[in-house]
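Tertiary structure, described
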Amino acid sequence: MASAWARTCGSDAVVAACERAIRAGARTGWERSQIARARLQQGRVAEAVAALRDARRIEPTNAQYAYQLGLVFLASGDPAAAVPEFTSALVLDPGHDAA
């Protein structure tokens, strides 16, 4: 799940930039999903989960955020928590190839 942005700029820089955007009024889940990717790359799973849950709250119909949350749960060794997220991704987007 590591993004090219995080690899180029560093995870801390990604988080800082996204947090600035959120404080400035960003109202999409994208910034939160980027924070989640960076936190997962750092091994900070609980923070990745929190960021993706926030993204899902902001954009509840975005199947990608449900899918990403499922991936985080799988990566953290919790497949039971991943299944409902993958299911939600498929309900929101029946054509979601990865879910």
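You'll find the structure just up there.
What counts and how
For every chain, the first residue of the written sequence is number 1, and numbering continues from 1 along that sequence. Residues qualify for local features only when their pLDDT is at least 70, as the model is predicted, and side-chain atom pairs are given and counted only at 80 or more; totals for whole chains, interfaces and linings, by contrast, use all residues. Values shown for side chains rest on all heavy atoms present in the structure; no hydrogens or waters enter the calculation. Aromatic contacts are taken between Phe, Tyr and Trp rings whose centres are within 6.5 Å, Trp giving its six-membered ring; a plane angle under 30 degrees counts as stacked, one over 60 as edge-to-face, and the others as tilted. Put simply, DSSP marks the helices as runs of H or I at least four residues long and the strands as runs of E at least two long, and each gets a number from the N terminus on. Three labels apply to residues, based on accessible area from a 1.4 Å probe with only protein chains included: buried if under 20% of the type maximum, exposed if over 50%, partly exposed otherwise in between. In this analysis, axes come from line fits to C-alpha atoms, helices being fitted only over the stretch in contact, and the angle between any two N-to-C directions falls in the range 0 to 180 degrees. Every angle not falling under 35 degrees, over 145, or within 65 to 115 is termed oblique; those three ranges are roughly parallel, roughly antiparallel and roughly perpendicular. Each crossing gets its hand from how the near helix is turned against the far one by less than a right angle, where anticlockwise is left-handed and clockwise is right-handed. Residues are treated as being in contact if the distance between any of their heavy atoms lies within 4.5 Å. Residue polarity follows a fixed list, in which Ala, Val, Leu, Ile, Met, Phe, Trp, Tyr, Cys and Pro are nonpolar, Asp, Glu, Lys and Arg are charged, and the others, Gly among them, are polar.

Section: the packing of aromatic side chains
Scanning the entire structure with this criterion turns up one aromatic pair. On the numbers, 5.6 Å between centres and 45° between planes, the contact of Tyr 67 with Phe 86 is tilted. Of this pair, Tyr 67 sits in helix H5 (residues 63–75) while Phe 86 sits in helix H6 (residues 79–92), and the two are 19 residues apart along the sequence. Taken individually, Tyr 67 and Phe 86 each receive the classification buried, so the pair is uniform in this respect.

Overview of the packing of helix H3 (residues 30–41) against helix H4 (residues 45–58)
It is the contact of H3 with H4, at a shortest axis distance of 8 Å, that shows an interaxial angle of 165°. One way to sum up the angle between H3 and H4 is to call them roughly antiparallel. Note on packing geometry: the crossing formed by H3 with H4 is left-handed. Of H4, the residues touching H3 (which contributes Arg 32, Ser 33, Ile 35, Ala 36, Arg 39 and Leu 40) are Val 45, Glu 47, Ala 48, Ala 51, Leu 52, Asp 54, Ala 55 and Ile 58. Looking at the contact of H3 with H4 residue by residue, the classes come out as nine nonpolar, one polar and four charged.

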